[in-house]
Amino acid sequence: MPNRPNLRPVILVLACGLAACASSPQGKLRQSVYDIDSAYHVIAAPMPDVMAGKLPGVTLTAAEKTLVKSASQGVFDEIASLETSIAGGSSITATAVSALEADFASFETCWTGIKAGQQPPACVDSGSKTTATTTNTAGN
């Protein structure tokens with residue numbers, strides 16, 4: 001058997017380094033954005049089939065489709081804006097992440113309700129659509 005170096009100390013150091021990054025305020029905000037992005041994609045995955053009338057028992061009116069598309073696009077745009085800021089090394093604000101969380105919750109409620117044949121109040125006002133706010137601080 002070949003003699004392999006023990007990688008456990010290296011893995012442990014890397015894991016601790018990642019944990020430290022995620023425990024910083026910016027790390028937590030960034031992780032929130034990534035978590036919402038993942039949840040958004042899971043929830044929005046059946047949208048094309050529903051919009052095309054391919055999901056048995058679910059029929060949307062043109063107005064409902066427009067409403068859901070608008071809410072979905074708003075959340076998608078917020079996620080993209082925050083992820084662009086993160087990738088560019090800019091700090092993101094708790095206000096921007098809170099707005100994204102609120103808009104995502106509104107979209108989720110709207111989409112779930114419309115698929116079930118209801119139009120929850122969240123669909124009327126599909127979130128605050130607050131523009132993501134960042135500050136130009138590299139390295140956080």
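Residues numbered from 1 in each chain as written. Predicted model: local features only at pLDDT ≥ 70, side-chain atom pairs only at ≥ 80, totals over all residues. Heavy atoms only, no water.

Broken down by element type, the protein chain carries six helices and two strands. Put simply, the protein chain has 140 residues, and 35% of those count as buried. Long-range contacts, defined as pairs at least 24 residues apart, comprise 76% of the intrachain contacts of the protein chain with a sequence gap of at least 6. Surface exposure of the protein chain reaches about 8400 Å², of which carbon and sulfur atoms provide 61%. (Helix = DSSP H or I, 4+ residues; strand = E, 2+ residues; numbered from the N terminus. Buried < 20%, exposed > 50% of the residue type's maximum accessible area, 1.4 Å probe, protein only. Contact = heavy atoms within 4.5 Å. Areas by Shrake-Rupley, 256 points an atom, 1.4 Å probe, with all protein chains shown as cover.)

Let's shift gears to the confidence of the model for the protein chain. Averaged over every residue, the pLDDT of the protein chain is 78; the share at 70 or more is 71%. Mean pLDDT per element in the protein chain: strand β2 (residues 134-135) is the minimum at 37, and helix α2 (residues 25-44) is the maximum at 96. In the model, residues 1-21 has pLDDT below 50 throughout and makes one contact with residues more than four positions away in sequence or in other chains. A low-confidence stretch, residues 125-140 (pLDDT under 50), is modelled with 37 contacts involving residues beyond four sequence positions or located in other chains. (pLDDT = per-residue confidence, 0-100.)

Moving on, we come to the nonpolar core. If you look at the biggest cluster of nonpolar residues, it comprises 27 residues, and the most contacted ones within it are Val68, Phe107 and Trp111. Secondary-structure elements contributing two or more residues to this core are α2, α3 (47-51), α4 (62-87) and α5 (94-115). With eight residues, the top contributor of residues to this core is α5. Sequence-distant contacts of Trp111, that is, excluding residues within four places in its chain, are made with Ile43, Pro46, Met47, Val50, Met51, Leu60 and Val68. (Core = buried A, V, L, I, M, F, W, Y, C linked by side-chain atoms within 4.5 Å.)

What follows deals with the packing of aromatic side chains. Inspection of every chain in the model, using the stated rule, returns two aromatic pairs. Ring geometry for Tyr40 against Phe76: centres 6.2 Å apart, planes inclined by 45°, an arrangement best described as tilted. Of the two residues, Tyr40 is situated in helix α2 and Phe76 in helix α4; the sequence distance between them amounts to 36 residues. Classification of Phe76 by relative accessible area gives partly exposed; the value is 39%. With a centroid separation of 5.6 Å and an interplanar angle of 45°, the aromatic rings of Tyr40 and Phe107 are classed as tilted. Here Tyr40, found in helix α2, pairs with Phe107, found in helix α5; they are 67 residues apart in sequence, far enough to count as distant. Classification of Tyr40 as buried rests on a relative accessible area of 7%. (Phe/Tyr/Trp six-rings, centres within 6.5 Å; stacked < 30°, edge-to-face > 60°.)

Along the chain, Thr93 turns up in the loop between β1 (91-92) and α5. When its relative accessible area of 19% is taken as the criterion, Thr93 is described as buried. A polar contact of 3.1 Å, which involves the side chain of Thr93, links it to the backbone nitrogen of Ala96. (Polar contact = N/O pair within 3.5 Å; in protein donor to acceptor, adjacent residues only side chain to side chain.)

Between the first and last C-alpha of α2 there are 28 Å, a value that for 20 residues agrees with the 28 Å anticipated at 1.5 Å per step. Within the sequence span of α2, burial applies to Gln26, Gly27, Leu29, Arg30, Val33, Ile36, Asp37, Tyr40, Ile43 and Ala44. (Expected span 1.5 Å × (residues − 1).)

Running from amino to carboxyl end, α4 crosses α5 at an angle of 155°, the nearest separation of the two axes being 10 Å. When the axis of α4 is compared with that of α5, the two are roughly antiparallel. As α4 packs across α5, the resulting crossing turns out to be left-handed. Contacts between α4 and α5 involve Glu64, Leu67, Val68, Ala71, Ser72, Val75, Glu78, Ile79 and Leu82 from the first element and Ala96, Ala99, Leu100, Asp103, Phe104, Phe107, Cys110, Trp111 and Ile114 from the second. Residue composition of the contact of α4 with α5, grouped by class: 14 nonpolar, one polar and three charged. (Axes fitted to C-alpha atoms, helices over the stretch in contact; angles between N-to-C directions. Parallel < 35°, antiparallel > 145°, perpendicular 65-115°, else oblique. Left-handed = near helix turned anticlockwise from the far one by under 90°. Nonpolar A, V, L, I, M, F, W, Y, C, P; charged D, E, K, R; others polar.)

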